[in-house]
2 protein chains.
Amino acid sequence: MMDKQDIPIKTDRRRSPETKERILDAAEKLFAERGFHGASLRDITGACGVQVALSYYHFGSKEDVLQAVVDRRAIEHIGCYQKSLTDALARNDGKPIPVDSLIEAFVVPAIERFTNGDDGWRYYIQLLAHLSYESSRSSYAKPFFKYDDIVNEFISELKRSLPDVSAEDLHWSFYFLQSALTNAVLETQMIDRQSQNLCCSSDFDALIKAMKNLFSAGLLGLKPRM
Amino acid sequence: MMDKQDIPIKTDRRRSPETKERILDAAEKLFAERGFHGASLRDITGACGVQVALSYYHFGSKEDVLQAVVDRRAIEHIGCYQKSLTDALARNDGKPIPVDSLIEAFVVPAIERFTNGDDGWRYYIQLLAHLSYESSRSSYAKPFFKYDDIVNEFISELKRSLPDVSAEDLHWSFYFLQSALTNAVLETQMIDRQSQNLCCSSDFDALIKAMKNLFSAGLLGLKPRM
DNA sequence: GTCTATAATGGGATAGAC
DNA sequence: GTCTATCCCATTATAGAC
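Nothing here was measured: the structure is a model prediction, and the numbers come from that model.

Rules used in this analysis
- Residues numbered from 1 in each chain as written.
- Chains lettered and ligands numbered in written order.
- Predicted model: local features only at pLDDT ≥ 70, side-chain atom pairs only at ≥ 80, totals over all residues.
- Heavy atoms only, no water.
- Phe/Tyr/Trp six-rings, centres within 6.5 Å; stacked < 30°, edge-to-face > 60°.
- Helix = DSSP H or I, 4+ residues; strand = E, 2+ residues; numbered from the N terminus.
- Buried < 20%, exposed > 50% of the residue type's maximum accessible area, 1.4 Å probe, protein only.
- Contact = heavy atoms within 4.5 Å.
- Buried area = accessible area lost by both parts, 1.4 Å probe.
- Salt bridge = Lys/Arg side-chain N within 4 Å of Asp/Glu carboxyl O.
- Polar contact = N/O pair within 3.5 Å; in protein donor to acceptor, adjacent residues only side chain to side chain.
- Least-squares fit on C-alpha atoms with pLDDT ≥ 70 in both.
- Domains from an automatic or database assignment.
- Disulfide = S-S within 2.5 Å.

Draft legend 1. Local environment of the packing of aromatic side chains. The tally for this structure, following the rule as stated, stands at 30 aromatic pairs over all chains. Ring centres of tyrosine 81 of chain A and phenylalanine 106 of chain A lie 5.6 Å apart, and the angle between their planes is 45°; on these two criteria the pair is classed as tilted. Taken together, the residues tyrosine 81 of chain A in helix H4 (residues 62-91) and phenylalanine 106 of chain A in helix H5 (residues 99-115) connect sequence positions 25 residues apart. For the pair tyrosine 81 of chain A and phenylalanine 106 of chain A, one class covers both residues: buried. Of the aromatic side chains, those joined through ring pairs into one cluster are Trp172, Tyr175, Phe176 and Phe215 of chain A together with Trp172, Tyr175, Phe176 and Phe215 of chain B.

Next up, the structure:
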């Protein structure tokens with residue numbers, strides 16, 4: 001299980017104030033790669049050259065480490081979603097946002113950090129995907145709920161953009177969009193296998209384009225409610 | 001962790017030939033609910049009133065138990081997909097299958113077993129969903145690959161139904177459909193929260209309808225390749 | 001085939017010296 | 001804040017009696 005990771009081993013021992021951050025970096029990576037149960041605190045602290053006991057000193061329990069990993073980035077990330085939505089609204093003078101722009105506004109805050117951010121953001125986004133699958137079955141997946149509010153703001157905008165479509169259809173459709181996005185960032189290489197490398201899990205430009213193509217057409221083609 | 005499950009405790013000890021099946025039933029359930037790492041062999045054997053050692057006798061390692069769980073149903077399940085596709089073709093005299101029928105033909109073999117099958121099938125379908133997220137990162141998720149061939153048959157049919165759309169768009173779109181389906185059977189209750197119970201994770205009739213609505217419109221609205 | 005017993009290791013968590 | 005040492009239990013896995 002142990003596996004020396006990218007995080008450089010600590011050399012200067014004794015009171016380095018960034019120890020907490022080192023643990024969070026390693027936890028972020030290993031939780032993302034192996035899931036909560038799949039990564040032990042020994043793996044995590046071993047990967048960043050820190051004593052196991054320090055994770056307890058700094059955070060408490062293993063679940064607390066996960067909580068801290070999410071807390072570290074969640075507010076900033078949710079802020080990015082907020083800004084993305086506000087910008088899209090501004091570009092349209094507060095009028096309903098075109099469906100394809102709204103899709104892009106929702107997808108980009110995750111994908112951008114995934115492709116352009118540092119590795120930490122990559123792992124964080126993957127971890128969120130993991131947690132979304134665990135929610136309602138595992139107590140440790142609760143941190144993920146922080147995103148509920150901002151997601152609902154996007155759905156409200158979608159309702160404004162497509163006022164004639166039933167709320168049920170819009171909720172389901174946005175749910176499918178989220179599923180597609182979540183699955184995509186896990187890069188399972190399912191699509192690479194299925195398409196014999198015509199499509200590539202790691203080609204996020206193609207992903208965004210394909211998402212806009214399908215979901216725009218789908219949302220715009222939904223029948224008005226009777 | 002231990003948790004007495006639905007599987008009745010074995011009473012008549014000594015050479016009961018169904019011990020293997022009992023272990024598989026319990027493993028199916030617990031792997032589906034907690035993931036591979038989240039369920040231990042103690043949990044599994046404890047849940048069905050069998051000695052831990054017997055799981056090693058019958059299967060070998062923990063990964064072998066998982067493999068056996070999948071093997072037990074995979075061939076039958078893949079056969080259901082095959083039949084579903086063949087039937088759809090027959091209904092259309094071998095001509096290209098209408099997109100909404102093709103979507104239904106793909107979704108139903110999983111959903112039907114999920115809603116109408118016994119609990120075992122429910123857990124099995126959920127387990128498949130779990131494995132699809134782990135593939136390419138965990139060696140134990142390999143069993144899932146068995147489904148690649150039949151999925152590709154559906155995609156080939158989709159190409160026949162929509163000959164003017166680029167293969168890229170079709171592969172991505174079908175990938176999104178699979179993501180939506182996979183996520184849905186996990187019943188994370190995300191959509192319940194987001195819609196304030198207007199939509200319900202466990203309402204699979206509504207799910208199928210919404211899938212057909214969105215993905216039919218989306219696929220039919222895809223632009224022809226240039 | 002099933003059981004008990006046990007090996008061997010891993011893992012979460014804590015105490016206490018420095 | 002950091003380290004060593006350790007507790008204690010869970011876990012995978014095996015040996016051997018019945």
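Draft legend 2. Seen up close, the interface of chain A and chain B. Of the residues lining the interface, 58 residues belong to chain A; the matching set on chain B comes to 58 residues. Note on chain A versus chain B: buried area summed over both sides is about 5,200 Å², and carbon and sulfur give 64% of it. Of all residues in chain A, the largest losses of buried area upon contact with chain B belong to Trp172, Tyr175 and Gln194 of chain A, amounting jointly to 15% of the total for that side. Taken together, chain A and chain B are joined by two salt bridges. In this structure, aspartate 148 of chain B and arginine 193 of chain A form a salt bridge, with 2.6 Å as the shortest nitrogen-oxygen distance. Between chain A and chain B we count 11 residue pairs in polar contact (both at pLDDT 80 or more) in total. Of all the secondary structure elements, the ones that give two or more residues to the side of chain A that touches chain B are helix H1 (19-38), helix H6 (119-134), helix H7 (148-161), helix H8 (167-185), helix H9 (190-194) and helix H10 (204-221) of chain A.

Draft legend 3. How the structure looks around the relation of the copies chain A and chain B. For the pair chain A and chain B, the superposition axis carries a translation of 0.0 Å, the fit reaches an RMSD of 0.1 Å, and the rotation angle comes to 180°. The transformation relating the two chain copies, once decomposed into turn and shift, fits a two-fold axis. It is glycine 218 of chain A whose C-alpha, among those of chain A, lies nearest the rotation axis, at 1.7 Å. Most of the interface of chain A is mirrored in chain B, where 100% of its interface residues again form contacts.

Draft legend 4. Region of interest: the domain arrangement of chain A. All names here are of chain A. Here chain A is partitioned into domain 1 (1-60) and domain 2 (73-221). Between domain 1 and domain 2, the C-alpha centre-to-centre distance is 30 Å. Facing nine residues of domain 1, the contacting portion of domain 2 comprises nine residues. Between domain 1 and domain 2, roughly 770 Å² of surface is buried when both sides are summed, and carbon and sulfur atoms account for 61% of that area. Of all residues in domain 1, the largest losses of buried area upon contact with domain 2 belong to Glu28, Ala32 and Phe36, amounting jointly to 60% of the total for that side.

Draft legend 5. Looking closely at the state of the cysteines. Counting across every chain of the model gives zero disulfides over all chains. Of the cysteine sulfurs around cysteine 200 of chain B, a residue in no disulfide, the closest is that of cysteine 199 of chain B, at 8.8 Å.

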